[in-house]
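# An overview of the molecular structure
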Amino acid sequence: MPDHAAAPWLYLASQSPRRRELLAQWGWRAELLLPDTEAELHALEALEAVQPHEAPARYVQRVTRLKLQAALQRLQHRGWPPGPVLCADTTVALGREIFGKPADAAEAAQMLQRLAGQRHRVLTAVALAHQGQVWQGLSRSTVEFAPWSAAEIGRYVASGEPLGKAGAYAIQGRASQWIRRISGSHSGIVGLPAFETAQLLRAAGLALP
Ligand SMILES: Cc1cn([C@H]2C[C@H](O)[C@@H](COP(=O)(O)OP(=O)(O)OP(=O)(O)O)O2)c(=O)[nH]c1=O
């Protein structure tokens, strides 16, 4: 049994349960540093707006920096003990087109119809703040989907899995059955790239568990 009390800890400013699970797999204890007011939640959603002609890699890194700044302000405002703060953002890109999280089932189906039978990129930016310094990394992966029939997409959307996921799918779930191949980082596609995250933690002088 891992000794959770002895595990090194950090603040995780992300609502994604997958990111917390990945950190736990790597031996970290994550204290969630999440927005707790409607106003803060709306402000965060507003941060995710894409600027005109913004390239996907630029977009995902800009949003991650903004998320980190918001998290640092939250920490200061709450007066919690200082500690490393980690956050990330995942974006699916078909060419230069950015696919965020679908607003509803209809949008999820539209996204999947566009991605079916194609190759797309998944970009996850990760940022860490510790003792007044900031480190950032970017993981780039390519995912190739097999063709999906309209009926299969319909059933997949009805499973509920696409909601809350960038590009309307989860490689860690049922969608893997249509993924022909990937190159890059599986954990990056899920939402927190193991290698790049470890690089940031090391750069900040934190010993990996
Ligand atoms: C492509 C893909 C994305 N995702 C998820 C990871 C992220 O949770 C989500 C992308 O949205 P994000 O905006 O990166 O993250 P989030 O809204 O879940 O959490 P927060 O902004 O608080 O950090 O999509 C998967 O779980 N599996 C996948 O295969």
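All of the points below concern the structure found in this document. Since the model is a prediction, treat every value here as computed from it, not as a measurement.

With that settled, consider unusual backbone geometry. Of note, the phi angle at His 53 is positive, near 60°, even though the residue is not glycine. Looking at the secondary structure, you find His 53 in the loop between α2 (38-47) and α3 (56-78). A residue is classified by how much of its surface remains accessible, and His 53, at 76% relative accessible area, is exposed. Even without being glycine, Ala 168 reaches a positive phi, approximately 70°.

The next point concerns the nonpolar core. Nonpolar side chains tend toward joint burial in soluble globular proteins. Residues Leu 10, Leu 23, Leu 86, Leu 112, Phe 145, Trp 148 and Tyr 169 are the most contacted members of the largest nonpolar core, which totals 42 residues. Considering each element in turn, this core owes the most residues, five residues, to helix α4 (residues 105-115). Tyr 11, Ala 13, Leu 68 and Val 85 belong to the second largest nonpolar core, which has ten residues in total.

Turning next to the side chain of His 120. In this structure, His 120 sits in strand β5 (residues 119-130). What makes His 120 buried here is its relative accessible area of 2%. Here the side chain of His 120 touches Tyr 169 through a polar contact of 2.7 Å, side chain to side chain.

What follows concerns the packing of aromatic side chains. Per the counting criterion, the structure on display carries seven aromatic pairs. With a centroid separation of 6.1 Å and 25° between ring planes, the pair formed by Tyr 11 and Trp 80 is classed as stacked. Remark: Trp 80 occurs in the loop between α3 and β3 (85-94) and Tyr 11 occurs in strand β1 (residues 9-12); sequence separation between them is 69 residues. These aromatic residues form a ring-pair network of at least three members: Phe 145, Trp 148, Tyr 156, Tyr 169 and Trp 178. The aromatic ring of Trp 80 is capped on one face by Arg 78, whose charged end is 5.0 Å from the ring centroid.

For the rest of this paragraph, the subject is helix α5 (residues 150-158). Listed as buried for α5 are Ile 153, Tyr 156 and Val 157. Relative to the axis of α5, the buried residues are bounded by an arc of 95° and lie together on one face. Exposed side of α5, more than 90 degrees from the buried face: Arg 155 and Ala 158 are the residues found there. Looking at the packing, one finds that the buried side of α5 touches α4.

Next up on the list: the site of the ligand. Around the ligand, a shell composed of 20 residues is seen, among which Gln 15, Arg 18, Lys 67, Lys 101 and Ile 171 lie nearest. Ser 14 is positioned such that a nitrogen or oxygen atom in its side chain is 2.7 Å from an oxygen atom of the ligand. Within the complex, the protein chains bury 95% of what would otherwise be the 600 Å² of accessible surface of the ligand. Assessed atom by atom at 2 Å from the grid points, the ligand resides in the largest pocket. Looking at the shell around the ligand, the elements with two or more residues in it are α1 (17-25), β3 and α6 (186-190). No other element matches the three residues that β3 contributes to the shell around the ligand. When the residues that make up the shell around the ligand are grouped by side-chain class, the tally is seven nonpolar, six polar and seven charged.

Rules used in this analysis
Residues numbered from 1 in each chain as written. Predicted model: local features only at pLDDT ≥ 70, side-chain atom pairs only at ≥ 80, totals over all residues. Heavy atoms only, no water. Helix = DSSP H or I, 4+ residues; strand = E, 2+ residues; numbered from the N terminus. Buried < 20%, exposed > 50% of the residue type's maximum accessible area, 1.4 Å probe, protein only. Core = buried A, V, L, I, M, F, W, Y, C linked by side-chain atoms within 4.5 Å. Polar contact = N/O pair within 3.5 Å; in protein donor to acceptor, adjacent residues only side chain to side chain. Phe/Tyr/Trp six-rings, centres within 6.5 Å; stacked < 30°, edge-to-face > 60°. Lys NZ or Arg CZ within 6 Å of the ring centre and 35° of its normal. Arc of directions from axis to C-beta. Contact = heavy atoms within 4.5 Å. Near = heavy atom within 4 Å. Areas by Shrake-Rupley, 256 points an atom, 1.4 Å probe, with all protein chains shown as cover. 1 Å grid on protein atoms, 1.4 Å probe; cavity = no way out; pocket = protein on both sides within 12 Å on 5 of 7 lines; lining within 4 Å. Sits in = over half its atoms within 2 Å of the grid points. Nonpolar A, V, L, I, M, F, W, Y, C, P; charged D, E, K, R; others polar.

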